[in-house]
Amino acid sequence: MTTLRDRLSNGTRLRHPSPRARHPVSRAERGRLARQRERAGWLFVAPNLAAVGLFLLFPLGFSLYLSFHAWDLFSAPRFVGVANYRRLFGADPLFLIALRNTAIFTVLTLVPTVVIGLGVAAVLNRKLAGIGIFRTIAFLPLVASTVAMAVVWRFIFTSDDGLLNIMLGWVGIDPVPWLVDPDWALVSLSIVTVWKSVPFATVILLAAMQGVPETLYEAAKIDGAGALRRFWSITVPLIRGPLSFVFVITIINSVQAFDQAYALTGGNGGPETGTYLLGIMLFQNAFSFYEVGYAAALAWVIFAILLVVTLVQLRLGRREEVEL
């Protein structure tokens, strides 16, 4: 009979059964463990799902429900079908005024925000001593209160003794009716919004620029490309994704603008209808005229406009990336 010592001396290895082989897990046990992990996962995400349902899905559904009703906050909602939408598109001239002002305001805000954001991001995208301080300063307007900032700008835009008109007087320019003339009031609102929006655009674009490989710039320098040529031929094409994101976010914020307009020119969209934006119109109908159903219909029209603009912008951005 071969002993254990003989087997070891002959080079025979002992094979010990693995724990899995000694204790095989049945299919039922694996299913039970999988269900336990699934239940644990649902328990972890349950608070977030509840918050989304309570603060996002329910308000969306309720606002859609109200858009087909007439409600003044005091009596019971009364079903009116598509009457709110029919009135909005066919019987309310203020809607066209608000739509026109919002479109002009969006253009006046979008172009300077993107151009200035690109320029500031390019300037801050340098490895210099103390550059972090300048990056922090450029970011400060974003964390400032919108209402407080608009109040400060209101004093700056004062026609008689405002700081901006005083500075214009130093160079021989007559005072500008910033908040008195309807056309200038919309320009003033755009200036304030650009000042508030540029830091966000700068942060996004700066982060994208820092992800561009340095070797591309070095190769372009060897080929004799200047700084401007490198910026337009290397930087801008490689940050088209973040640039498209800045476009979309700026458009959304411009169409939804309310707080800066309310603090700068009041809740009536004045002077006259110079700053009568869609956000002012929605606020006015909901909380001044107590036509909540009509305001809900307007909110869904704004949502549809933003959805279409966002989808078009994303499609154009993807097409440019494919062509690139």
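Structure's up top.
Trainee: Would you mind showing me how to read the overall build of the chain here?
Mentor: In terms of regular secondary structure, the chain is built from 15 helices and two strands. A globule of 324 residues ought to have a C-alpha radius of gyration of about 20 Å, yet the chain, at 30 Å, is considerably larger. Across its three principal axes, the chain shows a C-alpha extent of roughly 115 × 70 × 40 Å. Counting the 324 residues in the chain, one finds 34% classified as buried. If you take every contact in the chain between residues at least 6 apart in sequence, the share linking residues at least 24 apart comes to 65%. In the form shown here, the chain has an accessible surface area of approximately 20,400 Å², with 67% of it arising from carbon and sulfur atoms. The average position of the 28 basic charges and that of the 19 acidic charges among the side chains of the chain differ by 23 Å.

Trainee: Before we go on, may I ask you to explain a nonpolar patch on the surface in this structure?
Mentor: Together, Ile133, Phe134, Ile137, Phe139, Leu140, Val143 and Val203 make up a nonpolar patch on the protein surface, roughly 660 Å² of accessible area in all. Per-element accounting of the nonpolar patch gives the leading share, six residues, to helix 6 (residues 131-143).

Trainee: Looking at this structure, I do not really get the environment of Thr215. What am I missing?
Mentor: Checked against the element boundaries, Thr215 lands in helix 10 (residues 214-222). Exposure remark for Thr215: the relative accessible area of 53% places this residue in the exposed category. Taking the C-alpha atoms as reference points, Thr215 and Phe287, 72 residues apart in sequence, are found 57 Å from one another.

Trainee: I tried to follow helix 14 (residues 278-287) on my own but got confused; where do I start?
Mentor: Helical geometry note: an α-helix holds 3.6 residues per turn, so side chains three or four residues apart project in the same direction. Along helix 14, seven of the ten residues are buried, which leaves the element largely enclosed by surrounding structure. Taken as a whole, helix 14 has its buried residues at Leu278, Gly279, Ile280, Met281, Gln284, Asn285 and Ala286.

Trainee: Just to check I follow, could you spell out the pattern of salt bridges for this structure?
Mentor: A side chain of one charge can pair with a side chain of the opposite charge when the charged atoms of the two come close. Enumeration over the complete set of coordinates arrives at two salt bridges. Glu29 is paired through a salt bridge with Arg32; the nearest N and O atoms lie 2.4 Å apart. With Glu29 and Arg32 both in helix 3 (residues 27-66), this residue pair falls three residues apart, about one helical turn. For Arg32, a relative accessible area of 33% translates into the label partly exposed.

Trainee: I keep staring at the side chain of Thr250 and nothing clicks. Help me out?
Mentor: Here Thr250 is to be found in helix 12 (residues 240-255). The residues contacting Thr250, other than those within four sequence positions of it, are Thr109, Leu110 and Thr113.

Trainee: Please clarify how the side chain of His69 should be interpreted in this entry.
Mentor: Structurally, the position occupied by His69 is in strand 1 (residues 69-70). On the basis of relative accessibility, which here comes to 8%, the residue His69 falls in the buried class. In contact with His69, not counting residues within four places along its chain, are Pro77, Arg78, Phe79, Val80, Asn84 and Gly293.

Trainee: Would you take a moment to explain the packing of helix 7 (residues 146-156) against helix 9 (residues 182-209) for this structure?
Mentor: Think of two packed helices as two axes; the pair is described by the angle between the axes and how far apart they sit. Two elements in contact, helix 7 and helix 9, have axes whose closest approach is 11 Å; the angle formed by their N-to-C orientations is 135 degrees. With respect to helix 9, the axis of helix 7 lies oblique. Like other packed secondary-structure pairs, helix 7 and helix 9 cross with a definite hand, here right-handed. On the side of helix 7, the interface is formed by Thr146, Met149 and Trp153, while helix 9 contributes Ile191, Val192, Trp195 and Lys196. Taken together, the residues of the contact of helix 7 with helix 9 sort by class into five nonpolar, one polar and one charged.

What counts and how
Residues numbered from 1 in each chain as written. Predicted model: local features only at pLDDT ≥ 70, side-chain atom pairs only at ≥ 80, totals over all residues. Heavy atoms only, no water. Helix = DSSP H or I, 4+ residues; strand = E, 2+ residues; numbered from the N terminus. Rg over C-alpha atoms; globule rule 2.2 N^0.38 Å. Buried < 20%, exposed > 50% of the residue type's maximum accessible area, 1.4 Å probe, protein only. Contact = heavy atoms within 4.5 Å. Areas by Shrake-Rupley, 256 points an atom, 1.4 Å probe, with all protein chains shown as cover. Lys, Arg positive; Asp, Glu negative; His and termini not counted. Charge placed at Lys NZ, Arg CZ, Asp CG, Glu CD. Patch = residues over 30% accessible without salt bridge, like charges linked within 9 Å, V, L, I, M, F, W, Y side chains within 5 Å. Salt bridge = Lys/Arg side-chain N within 4 Å of Asp/Glu carboxyl O. Axes fitted to C-alpha atoms, helices over the stretch in contact; angles between N-to-C directions. Parallel < 35°, antiparallel > 145°, perpendicular 65-115°, else oblique. Left-handed = near helix turned anticlockwise from the far one by under 90°. Nonpolar A, V, L, I, M, F, W, Y, C, P; charged D, E, K, R; others polar.

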